[in-house]
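Geometric and topological summary
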Amino acid sequence: MQSVDFDMLPESIARYLAAHRTHDTTTGLDNFTPDATVTDDGKTYSGIDSIERWTKRSATEYTYTIEPIGAHRTGDQDYTVTQRLEGDFPGGVVNLRFRFALREGLIERLVIEP
């Protein structure tokens, strides 16, 4: 595992993270492959339509701020970004790992976990 600066993350990951911070679901979706999967809260969402529904729900369910606190390259096309979320969700503060797998420059898989 190799630490990386945030400005050295692949473009699709950087764009997704920026869109996630501002709750811009349209821009966020543009960074996924058509057959991508997202796993969050133990549920997996497959394909752009399913990911879009998840993104819209998660963007409006709670109010929170996001602070990136670390980034690592974990494989040839794999990256993990740790972010601190603070808001009105149960517990109020959590550090989440966003594990990305890329294919042809786009996000093929995203797993979000504590």
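A brief look at the structure comes next. Every residue gets a number counted from 1 within its own chain, in the order that chain's sequence is written. Thresholds applied to this predicted model are a pLDDT of at least 70 for local features of residues and 80 or more for the giving and counting of side-chain atom pairs; totals over whole chains, interfaces and linings are not thresholded and use all residues. Water and hydrogen atoms play no part in the side-chain values, which are based on all heavy atoms of the structure.

Some points on the overall build of the protein chain
Keep this limit in mind: Going along the chain from the N terminus, every DSSP run of H or I of four or more residues is numbered as a helix, and every run of E of two or more is numbered as a strand. For a compact globule the rule gives 2.2 Å times the number of residues to the power 0.38, and the radius of gyration it is set against comes from C-alpha atoms. Only protein chains enter the accessibility calculation, which uses a 1.4 Å probe; a residue whose area is less than 20% of its type maximum is buried, one above 50% is exposed, and one in between is partly exposed. By definition, residues are in contact when any of their heavy atoms lie within 4.5 Å. Only the protein chains shown count as cover for residues, and all accessible areas are computed by the Shrake-Rupley method using a 1.4 Å probe.
Counting its secondary structure elements, the protein chain contains 3 helices and 7 strands. When the helices and strands of the protein chain are placed in sequence order, the string is β-α-α-β-β-α-β-β-β-β. Radius of gyration (C-alpha) of the protein chain: 13 Å, near the 13 Å computed for a compact globule of 114 residues. Along the three orthogonal principal directions, the C-alpha set of the protein chain runs to about 35 × 30 × 25 Å. Out of the 114 residues in the protein chain, the part that is buried amounts to 41%. In the protein chain, the share of contacts with a sequence separation of at least 24, taken over all contacts with a separation of at least 6, comes to 42%. Entry remark: accessible area of the protein chain is about 6,400 Å², with carbon and sulfur atoms responsible for 48%.

Considering the packing of aromatic side chains
Heads up, the rule is: Within 6.5 Å between ring centres, the rings of Phe, Tyr and Trp (the latter by its six-membered ring) count as paired, and their orientation is classed by plane angle as stacked under 30 degrees, edge-to-face over 60, tilted in between.
In total, this model carries 4 aromatic pairs according to the counting rule given. Where Y62 meets F89, the ring centres are 6.2 Å apart and the plane angle is 75°; that geometry is what we call edge-to-face. Residue Y62 is located in the loop between α3 (48-61) and β4 (64-75), and its partner F89 is located in the loop between β5 (78-87) and β6 (93-103); the two are separated by 27 residues in the primary sequence. Given a relative accessible area of 31%, Y62 falls into the partly exposed group.

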